[in-house]
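# Structural characterization, general
Here is what each chain is made of, one letter per residue.
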Amino acid sequence: MDLGPYLLFASLEGLVHAAVLSLIALGLSLVFGVMRIVNVAHGEFFMLGAILAWWVSSFVLGNPALGFLLALLVAPIIAGIIAMFSDWLILKHLKYDPEATIIATIGILYIIQQAALMTFGPDARPVEQPFNVRLDLYWFGFSAYKFFVIFASIILLLSVWLVMAKTKFGLLLRATQLDSETAQAFGIPISTVYSLVFGAGAAIAAVGAVLIVPIQQAHYLMGGEPLLLAFIVVIIGGLGSLRGTVAAAVLIGMSDGIISVFFSPTLAKILATLLVVFVLLIRPNGLFGTAKV
Amino acid sequence: MKKNFKNNITRRKLMKGVAAAGSIAAMPGFVRYSQAASSSPIKIGFQVHRTGIGAAYGRWYDRTTQAAVKILNDAGGVNGRPIEIVAEDDGTDPKRGAEALEKFANQHNCDVAFGTLFSHVVIGSAPRAGELKLPYFVVSEGHHVASGMLNRYTLQPGITDVKSQVQAMAPFVKENVGKKVTMIYPDFAFGHDHRDYFSAAFEAQGGEIVGKVPIPPTESSFSKYFPKIPRDTEVIYHVMVGPAVLTFVKELGEFYGSKSPKLFGFIDSLEAVDLNTPGLEFLDGSYFWEGNPRYAQANQTEHDKFYRNAVGVDANGASVSDPKDVSTYAHMFGCWETLHIIKKGMEESGYAGPGDRAKLIEAVESMSNMPLSQAHPQGAKIFNGKTHQTFGHQYITKMTNGKLVLAHTTSIEDTFYPDEVDYTKQSF
Amino acid sequence: MRKDLILHFGALAILLFLELLGVFSDYHQGNFARILVLAAYGIGYNVLFGYTGLLSLGHALFFSAGLYASGLSIYHLDYNVGQSLILAICFSAFFSLVIGYLALRTVGVSFMIVTLMFSQVGYLCILYFGGITRGDEGIVIQQSSRVFLSLDLSDPTIRYYAALIIFSLCLIFNLWIAKSSFGRVLIAIRENSDRALMLGYNVHLYKLFAVIISGTISGLAGACYGILFGYVGASFAAVPYSIFPLLWVLIGGVGTVLGPLVGAIFMFYLIDYASDITDAYMIIVGITLLVVTLYARRGLLGELRYRYFKWIP
């Protein structure tokens, strides 16, 4: 393929990648920002979203778009409820101590992953695309659905931004993020806010999964890679910054697409991971921006 | 020093004997062990991909194995002894594979071990089989057995290896598909066998390999690899494994649409995948290698009919109970045939227990012609005792109206290559 | 001083006599050989986590550094076991110096993430340089290469003794550290690093030494694992192998010398037992992690020490 179309293709692929990645990373960043904890099980909520999408859509016969829409509604809700339940059952009792929380979320990671294996089996599960249209771009073809993924992600990101900036709930979140003790003193029900945020973080990742699953397939081991990429995005983009997260997701998504196409995808991952290491080394408190550790 | 170590062993055994005289003899495990009579079952350790990226193969290897064991046991088992399968998940991970073999040998006292497909698991496990002196019958189609890389305890009598397969494909591809080939293959031992042996065989035919695209076996999206396919490619030769094969093929179709170079694929790219999945229409007219044709063909033998029925596979290669549950038909016959070979080897060698393992291997090594029969439903085979590898017919099918229709059957001779090892010269 | 020597040498003696008396079946003998080497890895991890208070999520990097240094040198350069072990020790020491120097610029959660990321880079590099490492498939070290002082290390009995020796060396070293003034500074850093700094200790340097000791012991354990069991593969560099030592230490007792052994025995058999029941046996790892974090933060020996035996090091 010639260089021009080659770059066009890599950019389109990169954009799809970036769109989903920014959703996953946004969920992680939200939890990171408001609760000041690292949720290592985040990738498993993504996986849950994907497998639930398959499960839900397999009940709906007829037009695949119906099953997809139902999945888009149901899968994030279930994933969110499971997350809130694990917050209530476990994280609350650890008083969100950063190190204990990391260890506990590693535990949650294995439990969700293995429970998915027990319940849904080890096979990769396909979900039919809601519409199966191939756009012929002369040098190569591109699925129209992939454009839809980009579009839907942008809508979702905008709505999260609206919620954060314009609603009362968003105000509570921002207040808690800024200073949880003062927020509590002003009567904000911190523990409810934490539960909701943890659930919302998982639900946003699950939405990303429902969007991607008609392109890829649902598989119980699929949570690992998006987790690492989301870490990378959140750390490079800076914490709690929606714009930073999206910018970093586009950077990582595009460069992954381009480096993958020109060199090797493994090399792309190595470079992205090293980039994070150096961001953290240069800004040792990079995780928490300017706030206290 | 060497002497020292022998003394040590004897003392250990001795101590064991002393202890056994005491309380340990009362433990149930010991009682059963000492009663190993002629009616006790033959235990076959079955290393299976229950989890990990090989799970679809594992499920069907398991079903085929259970079906074969039922047929064999109904017919009287091995010398009147029933076969018992001890299954152990290897997680499609070489490290766990090796540990599974240890369990077979030391915990379950299995007579032999058998199983698994993914080449990295076989390569990781086989040395342990050699150390445990446990005959290890693999159904992996990798060339690692016949290449001499493994050991005398590892045999592959039930399925042909990649080197045979691709060598037999090369003339057909050049004559009927095209002369400039780009290969897409998984980036580990199995894929490297494809890369090395197909390109050698194809170039020997006067063809040209214009591109090689390796893909990590854990990859989940593939579009980004397709721009690496050179424009002057006439044929895309694809072979992919893992849970994401459907994504791979779909994205290939999306990328090229109707303007695709011709396609020649190993059915591995679509094992356990329903060919009528939306998005796969572009495959119509493309050719596939199949170890054993998934769809019942016009010239179906009575043996294939019997085997298909016993395993519970319909004429479209899917489970009779769930038409969406498509089998790994091109590979799983290897389990059936291998179990029949183990039975025959045990009967011919008068196998009585683990002490006769070497005799069993010698008996299998002395096998040669395996005619088409109920025991060999895929077709006749010729086993090479020196290289521990079997050779047999290969099938090329063409996707026609959503079904794979037989286009060409290679001869067994097409798959021959000079011996690279003589395992019979190795000691036990 | 007496009591702790009796406890630890007594434990080693029991491990020796279990073998001498032939108590192990072949299967358990093999398992215990594995457990001992893994427990040595746990000891390495514990030096950093238990004694110095630095939680690394990337120790598989050091384990696999030793594993690959010895494995690749045997496979490609025909090193013998002794040479490859020396190389593995030197390489892991140097490697932990570099990684430690970089990672210690961060603290707390950042340290955990940085170690996790480094380890991920290591894992990916093993796959990326598949031409040398043979990637996913890994390397098999032939029986003929696994001979030390003309002892065949693949023989189950010799392998057990070799594993026991390695473990004993690491345990005694750990005991010595715990008793030494160096170890006491590490504990002081764990308890309150600001105070240690104010008392005039070069906290950063001590932490760096802790990383080097921890990484080198982990690397040694990795090298021995490859040599004794004959397989060097990428799965040892993946995330679960960073989680396991954390788990052993958490269960057995954070900052106790025998804790890693207790935890490794417990987890090995728990997983072994669970894998007979379900394919999803890794769920056990998840549940244990949660139970330990919620209800037993000190681990078994840590709890015993806290309640009854103050002298356990």
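Sequence order as written defines residue numbering, which begins from 1 separately in each chain. Starting at A for chains and at 1 for ligands, labels are handed out in the order in which the entities are written. Local features in a predicted model are, by the rule used here, given only for residues with pLDDT of at least 70; side-chain atom pairs are given and counted only at 80 or more, and totals for whole chains, interfaces and linings are based on all residues. Each side-chain value is derived from all of the structure's non-hydrogen atoms; neither hydrogens nor water enter the calculation.

## Quick look at the confidence of the model for chain B
Residue and element names in this part refer to chain B. Going by this rule: As a per-residue quantity, pLDDT reports the predictor's confidence and falls between 0 and 100. Helix and strand assignments follow DSSP, with helices taken as H or I runs no shorter than four residues and strands as E runs no shorter than two, numbered in order from the N terminus. Residue contacts follow a heavy-atom distance rule, with two residues in contact if any of their heavy atoms lie within 4.5 Å.
Summary statistics for chain B give a mean pLDDT of 87 and a share of 91% for residues scoring 70 or more. Taken element by element, the predicted model of chain B shows its lowest mean pLDDT in helix α2 (residues 28-34) (40) and its highest in strand β4 (residues 136-138) (96). In this model residues 1-37 is a low-confidence stretch, pLDDT under 50, and it forms 33 contacts with partners more than four residues away in sequence or in other chains.

## Quick notes on the sheet that holds strand β16 (residues 395-400) of chain B
All names here are of chain B. What counts, and what does not: Any two strands with at least two DSSP bridges between them are considered paired. Angles run from 0 to 180 degrees between N-to-C directions of axes, and those axes are lines fitted to C-alpha atoms, restricted for helices to the stretch in contact.
The strand order across the open sheet formed by 7 strands is β7-β6-β8-β9-β10-β16-β17, and the pairing between neighbours is mixed. One side of each edge strand has no neighbouring strand; the edge strands of this open sheet are β7 (208-215) and β17 (403-409). Across this sheet, the average inter-strand angle for adjacent strands is 25 degrees, counted without regard to direction. The pairing of strand β10 (residues 287-290) with β16 spans 4 bridges and is antiparallel. Looking at the pairing, tryptophan 289 lines up with isoleucine 396 of β16. Contacting β6 (180-186), β7, β8 (235-238) and β9 (262-266), helix α8 (residues 245-256) runs over the sheet at an angle of about 165 degrees to β8.

## Remarks on the interface of chain A and chain C
Rules: Summed over both partners, the accessible area (1.4 Å probe) lost when two parts come together is defined as the buried area. The rule for a salt bridge is simple: a side-chain nitrogen of Lys or Arg has to be within 4 Å of a carboxyl oxygen of Asp or Glu. Throughout this description, a polar contact denotes any pair of N or O atoms lying within 3.5 Å of each other; where both atoms belong to protein, one of them has to be capable of donating a hydrogen while the other can accept it, and for residues adjacent in sequence the pair is counted only when both atoms sit in side chains. Polar here means any residue outside two lists: the nonpolar Ala, Val, Leu, Ile, Met, Phe, Trp, Tyr, Cys and Pro, and the charged Asp, Glu, Lys and Arg; Gly therefore counts as polar.
Listed as interface residues are 38 residues of chain A and, on the opposing side, 38 residues of chain C. Contact between chain A and chain C buries roughly 3,500 Å² in total, counting both sides, with carbon and sulfur atoms accounting for 85%. Its largest share of buried area at the contact with chain C, chain A owes to Ile103, Tyr110 and Leu281 of chain A, together 19% of the area lost on that side. Run the count over chain A and chain C and you get 1 salt bridge. Taking the shortest distance from any N to any O, the salt bridge between arginine 297 of chain C and aspartate 97 of chain A comes out at 3.7 Å. Across the contact surface, chain A and chain C share 1 residue pair in polar contact (both at pLDDT 80 or more). Elements with a minimum of two residues in the side of chain A that touches chain C: α4 (98-120), α9 (224-237) and α11 (265-282) of chain A. The biggest single contributor to the side of chain A that touches chain C is α4 of chain A, with 15 residues. A class-by-class count of the residues in the side of chain A that touches chain C yields 29 nonpolar, 6 polar and 3 charged.

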